[in-house]
Amino acid sequence: RMASGVANYAHAKTGNFTQTEPVLHNPFQDDPLMDRVLRRLLPQKEYERVAADLNRFGDRVVAEIDKKGQQCEIDKPRLEQHNAWGKRVDSLWVCPEWRELKQMCAEEGIIELGYDEKVDPVTRRLHQVAKLFLFSPSAGLVTCPMAMTDGAAKTIEALGLRGKNQRATEAYNRLISRDPSKAWTSGQWMTEKRGGSDVGGGCDTYAVHVKDDEYRLHGYKWFSSAIDADVALTLARVVDDKGDAEKGSKGLSLFLLRIKKEDSNELNGIQMETSLQHRFFGTRQLPTAELLLDGVVAHRIGDLGRGIPGIANMLNITRIHNAVASVAAMRRVISLARDYSTRRNVFGQAQEKWPLHTATLAKMEVETRGCFLMILEAAKLLGIQESGQATLNDQIMLRLITPVLKLYAGKQCVPLVSEGIECFGGQGYIEDTGLPTILRDAQVTPIWEGTTNVLSLDVLRVFSGKENVLQAFNQYINAALPTNDDEKLKECVLAIKKALKSFSSLLAKIHESALDNIRIDVGARHIAFAIAKILSGALLIQHAAHPTSNSVDYEIAKRWCLEQKLVDVEFDWFTHNRIEKDRGIVFENYAN
Ligand code: UCC
Ligand code: FAD
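Quick summary incoming for the structure in this document. Predicted model only: the values in this text are computed from it and were never measured.

## Focus: the nonpolar core
Right, so step 1: Core analysis: the largest hydrophobic core is formed by 159 residues, its most contacted members being Leu38, Leu400 and Phe503.
Right, so step 2: The element that contributes the greatest number of residues to this core is helix 9 (residues 307-341), accounting for 16 residues.
Right, so step 3: Apart from residues no more than four positions distant in its own chain, leucine 400 is found in contact with Val459, Val462, Phe463, Val469, Phe473 and Ile531.
Right, so step 4: The next biggest cluster of nonpolar side chains, apart from the first, holds 19 residues, and it includes Leu217, Ala232, Ala236 and Phe255.

## Thoughts on the site of ligand 1
Right, so step 1: Around ligand 1, a shell composed of 28 residues is seen, among which Ser197, Ser249, Arg306, Arg319 and Glu449 lie nearest.
Right, so step 2: In the model, a nitrogen atom of ligand 1 is placed 2.9 Å from a nitrogen or oxygen of the serine 197 main chain.
Right, so step 3: A distance of 2.9 Å is found between an oxygen atom of ligand 1 and a backbone nitrogen or oxygen belonging to glutamate 449.
Right, so step 4: If ligand 1 stood free it would expose 1,200 Å²; the protein chains cover 79% of that surface.

## Quick notes on the pairing of strand 7 (residues 252-258)
Regular strands show a simple pattern: their side chains alternate between the two faces of the sheet.
Right, so step 1: Of all seven residues that make up strand 7, six are buried, and the element is covered over most of its length.
Right, so step 2: Pairing of strand 6 (residues 231-238) with strand 7 involves seven bridges; the strand directions are antiparallel. Paired with valine 231 across the bridge in strand 7 is arginine 258.

## Considering the site of ligand 2
Right, so step 1: Around ligand 2, a shell composed of 21 residues is seen, among which Thr191, Gly196, Ser197, Phe223 and Thr451 lie nearest.
Right, so step 2: Threonine 451 has a polar side-chain atom sitting 2.6 Å from an oxygen atom of ligand 2.
Right, so step 3: Calculation on ligand 2 without its partners gives an accessible area of 970 Å², and the protein chains cover 64% of this total.
Right, so step 4: Here the shell around ligand 2 takes three residues from helix 13 (residues 452-463), the largest share from any one element.
Right, so step 5: Here the residues of the shell around ligand 2 are counted per class, giving nine nonpolar, eleven polar and one charged.

## What to know about empty space enclosed by the protein
Right, so step 1: Counted under the stated rule, the structure contains four cavities of 30 Å³ or more.
Right, so step 2: The volume enclosed by the largest cavity comes to roughly 110 Å³.
Right, so step 3: Forming the walls of the largest cavity are Leu24, His25, Pro27, Asp30, Asp31, Phe133, Leu134, Pro137, Ala328, Arg331, Arg332 and Ser335.
Right, so step 4: Those elements that place two or more of their residues in the lining of the largest cavity are helix 1 (27-30), helix 5 (121-135) and helix 9.
Right, so step 5: Element by element, the count of residues in the lining of the largest cavity is highest for helix 9, at four residues.
Right, so step 6: By residue class, the composition of the lining of the largest cavity is six nonpolar, two polar and four charged.

## Structural notes on unusual backbone geometry
Right, so step 1: Positive phi, close to 45°, is recorded for aspartate 90, a residue that is not glycine.
Right, so step 2: Inspection of the secondary structure assignment puts aspartate 90 in strand 2 (residues 88-93).
Right, so step 3: Although it is not a glycine, asparagine 589 sits at a positive phi angle of roughly 65°.
Right, so step 4: Following the sequence through the fold, asparagine 589 ends up in the segment after helix 18 (576-587).
Right, so step 5: When its relative accessible area of 76% is taken as the criterion, asparagine 589 is described as exposed.

## Comments concerning the packing of helix 2 (residues 34-41) against helix 10 (residues 355-387)
Right, so step 1: It is at 12 Å that the axes of helix 2 and helix 10 come closest, and there the two elements cross at 35°. Relative to helix 10, helix 2 is oriented so that their crossing is right-handed. Here Met34, Arg36, Val37, Leu38, Arg40 and Leu41 of helix 2 come into contact with helix 10, specifically with Arg369, Phe372, Leu373, Leu376 and Lys380.
Right, so step 2: Here the residues of the contact of helix 2 with helix 10 sort into seven nonpolar, no polar and four charged.

## Overview of the layout of surface pockets
If a probe as big as a water molecule is rolled over the atoms, it shows which places are left empty.
Right, so step 1: Looking at the second largest pocket, its volume works out to about 1,000 Å³.
Right, so step 2: What lines the second largest pocket is a set of 42 residues, and nearest its centre among them are Asp228, Ala229, Asp230, Lys260 and Asn265.
Right, so step 3: Going through the elements one at a time, strand 2, helix 4 (96-108) and strand 8 (270-275) are the ones with two or more residues in the lining of the second largest pocket.
Right, so step 4: The residue makeup of the lining of the second largest pocket, split by class, is 19 nonpolar, ten polar and 13 charged.
Right, so step 5: Looking at which domains feed residues into the lining of the second largest pocket, each of domain 1 (27-74 + 109-138 + 310-442) and domain 2 (185-305) supplies at least three.

## Some words on the pairing of strand 5 (residues 214-224)
Right, so step 1: Sheet topology note: the strand 4 (residues 206-211)/strand 5 ladder contains five bridges and is antiparallel. Looking at the pairing, tyrosine 206 lines up with histidine 218 of strand 5.
Right, so step 2: Taking the residues that link successive antiparallel strands as the turn, the strand 4-strand 5 hairpin has two residues, and the phi of aspartate 212 there is positive, at about 45°.
Right, so step 3: Where strand 5 lies against strand 9 (residues 289-300), nine bridges are found, and the strand directions are antiparallel. Across the sheet, the residue bridging to glycine 219 is leucine 293, located in strand 9.

## Looking at helix 11 (residues 392-422)
Right, so step 1: Relative to the 45 Å expected for 31 residues at 1.5 Å per residue, helix 11 spans 45 Å between its end C-alpha atoms, a close match to the ideal helical length.
Right, so step 2: Cysteine 413 marks where helix 11 bends most, by close to 30°; the proline proline 415 follows one to four residues later.
Right, so step 3: Of all the 31 residues making up helix 11, 22 are buried; the element is thus mostly covered by neighbouring parts of the structure.

## Remarks on helix 2
Right, so step 1: Taken together, the buried positions of helix 2 are Met34, Arg36, Val37, Leu38 and Arg40.
Right, so step 2: On its buried face, helix 2 is in contact with helix 1, helix 3 (44-74), helix 5, helix 10, helix 16 (524-545) and helix 17 (551-562).

## Some thoughts on the environment of lysine 488
Right, so step 1: Within the fold, lysine 488 resides in the loop between helix 14 (469-480) and helix 15 (490-512).
Right, so step 2: In sequence terms lysine 488 and aspartate 303 are 185 residues apart; their C-alpha atoms lie 54 Å from each other.

## Notes on the pattern of salt bridges
Right, so step 1: Within the structure shown, the criterion is met by 48 salt bridges.
Right, so step 2: In this structure, arginine 343 and aspartate 339 form a salt bridge, with 2.6 Å as the shortest nitrogen-oxygen distance.
Right, so step 3: A salt bridge links aspartate 553 to arginine 369; its shortest N-O distance comes to 3.8 Å. Note that aspartate 553 is positioned in helix 17 and arginine 369 in helix 10, a separation of 184 residues in sequence. Across the pair, arginine 369 and aspartate 553 agree in class, each one buried.

## Considerations on the packing of aromatic side chains
Right, so step 1: What the rule picks out here adds up to eleven aromatic pairs.
Right, so step 2: Put simply, the rings of Trp222, Phe223 and Phe280 pair up and form one aromatic cluster.
Right, so step 3: Taking NZ or CZ as reference, arginine 78 lies 4.1 Å from the ring centre of tryptophan 93, over its face.

Cut-off values and rules
Residues numbered from 1 in each chain as written. Chains lettered and ligands numbered in written order. Predicted model: local features only at pLDDT ≥ 70, side-chain atom pairs only at ≥ 80, totals over all residues. Heavy atoms only, no water. Core = buried A, V, L, I, M, F, W, Y, C linked by side-chain atoms within 4.5 Å. Buried < 20%, exposed > 50% of the residue type's maximum accessible area, 1.4 Å probe, protein only. Helix = DSSP H or I, 4+ residues; strand = E, 2+ residues; numbered from the N terminus. Contact = heavy atoms within 4.5 Å. Near = heavy atom within 4 Å. Polar contact = N/O pair within 3.5 Å; in protein donor to acceptor, adjacent residues only side chain to side chain. Areas by Shrake-Rupley, 256 points an atom, 1.4 Å probe, with all protein chains shown as cover. Pairing = 2+ DSSP bridges. Nonpolar A, V, L, I, M, F, W, Y, C, P; charged D, E, K, R; others polar. 1 Å grid on protein atoms, 1.4 Å probe; cavity = no way out; pocket = protein on both sides within 12 Å on 5 of 7 lines; lining within 4 Å. Points joined across faces, edges and corners; volume = space filled by probe spheres on them. Axes fitted to C-alpha atoms, helices over the stretch in contact; angles between N-to-C directions. Left-handed = near helix turned anticlockwise from the far one by under 90°. Domains from an automatic or database assignment. Expected span 1.5 Å × (residues − 1). Bend = angle between axes of the 7 residues up to and from the residue. Salt bridge = Lys/Arg side-chain N within 4 Å of Asp/Glu carboxyl O. Phe/Tyr/Trp six-rings, centres within 6.5 Å; stacked < 30°, edge-to-face > 60°. Lys NZ or Arg CZ within 6 Å of the ring centre and 35° of its normal.

What follows is the structure, given as structure tokens:
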């Protein structure tokens, strides 16, 4: 028998139970892996400095940043195209929190950390990426303009313009500045209505030469994120005296432009058309618009017709940022779900006491750790490249890992975050818990900065170069594996070696096959996934074999390497016969 609860429901009462909400902990302290990996990868003194900054910043994320980030979605940007008298004004409003977060990025050195010449390049990129990782899920997508700002600075540096070209040098100094009154951010306008993947086929923007490197741009850019930027990098076709321009990728050149005129607050020949964030599934915090370029003053940076390789410098940075956003979203949803599992009672006990629930979380944790190690590996390789000490293999691996990391993390994060939302049951579906935003914003990470398929094709592009990429990959993986015979890791090492061998044989067989029998692109995604799984497996083993590791690290390496198919692709999948059958499956009963 029990006391009746009837009185609880008298008058206006709705019962006396309130669910305790999940608590956001300092994301640095709460991360099970970050501290130990940084300790392993950084010299002791640098580790202490970096860890102290991350710890302090983690407190700031909880106390200050997270609320501001959430506010950016509540108080979305607005574009007022005409004033009350009908005059075209294109006035963009962003909430105070968005501006404050951008200022905070400058003060915290979110970009500058990656360029600080007083610090060793590997340390500075690891520090920057780790900090971004803590920031990202709370940042209200200010990390999007930060990615493009980093990409623009890198492009200016990589094209050798810093110190040589006055405009580009000023932009560089401001893009990396820690002074909010001086700091600039950059946009990246590549997409037009015809296409965002096929930039060479889709770009219909024209550049008319004025003098020296100065041009006027005419075109229409679609999906332009963070249009409150100060500068942008974009692509256009330079027209000749007859008004003609070269078609395709080879007709594209790269331009740097100011959003506002140099001598006034007016837009630089830009008309902001529809603001898109209201139509979007997610990323509603970001001011995004279609832009009419109507005689924009722009300066060509880079050689004529070398626009794609030029802007690729930016893409390769923004793709690393994108992967950080994907994996940080995974980490955030796990962190909240783990905390919630101790606060939510189901069927008479805490959720965490149900092994089926814990197993669900453990699977998510394994995936997230594999991706996290790949991010730090990319940051390390980026630092090595920027130190000028990179071997040819280091350069190949950075070029290879970047698209692999972006496509793999982007793809994995959507189902994982979705699973994380489910861990909260119906509460996870309630908008103002802040949880649905994580899923909405996760969905963009496999799309922008190159879709999964397009990046898989980029992976094939890397293999099609003159270097022996397969050999470099083999050497890299073998070097990561421990040489001492650690009994506990033996099986894992064998699994990675076996996977590497079967992957290498498959690629060799494809290479030797006549192209009228097979198509390589059809299996590009499987190739890219195999690289990600082998690489992450090797990195998890390397981590577990280190003296700073613990029993969880062993278990995670084991599950990654032994409990999934690392190379999930067969030669048969590349054949024309199979392609015909794919068409049969997809188009059965289809009538246009
Ligand atoms: O989506 C966007 C979002 C902005 C918001 C920022 C968010 C950041 C994350 C924030 C987190 C919160 S901006 C738009 C992104 N757009 C794309 O990613 C485009 C996707 N399409 C591709 O990636 C394509 O592969 C293209 C357009 C890059 C290239 O296609 P093509 O026309 O077929 O190119 P080609 O002819 O194969 O390559 C032209 C040249 C070659 O060099 P050369 O001429 O020397 O042989 C390629 O090797 O460009 C070189 N190249 C590259 N080099 C192509 N891609 C790369 C690369 N990734 N790295 C180095
Ligand atoms: P499509 O190319 O039409 O792709 C559609 C499908 O076809 C995808 O599944 C793709 O993988 C597949 N596909 C395409 N080609 C192939 C192929 N050869 N083989 C197999 N499959 C293929 N762009 C900018 O330049 N600047 C920005 O600031 C910007 N911000 C954005 C913000 C948001 C919120 C979004 C959603 C997009 C933004 N974009 C921006 C555009 C974005 O980069 C493109 O949408 C993206 O690159 C995909 O291009 P697409 O839309 O033309 O898709």
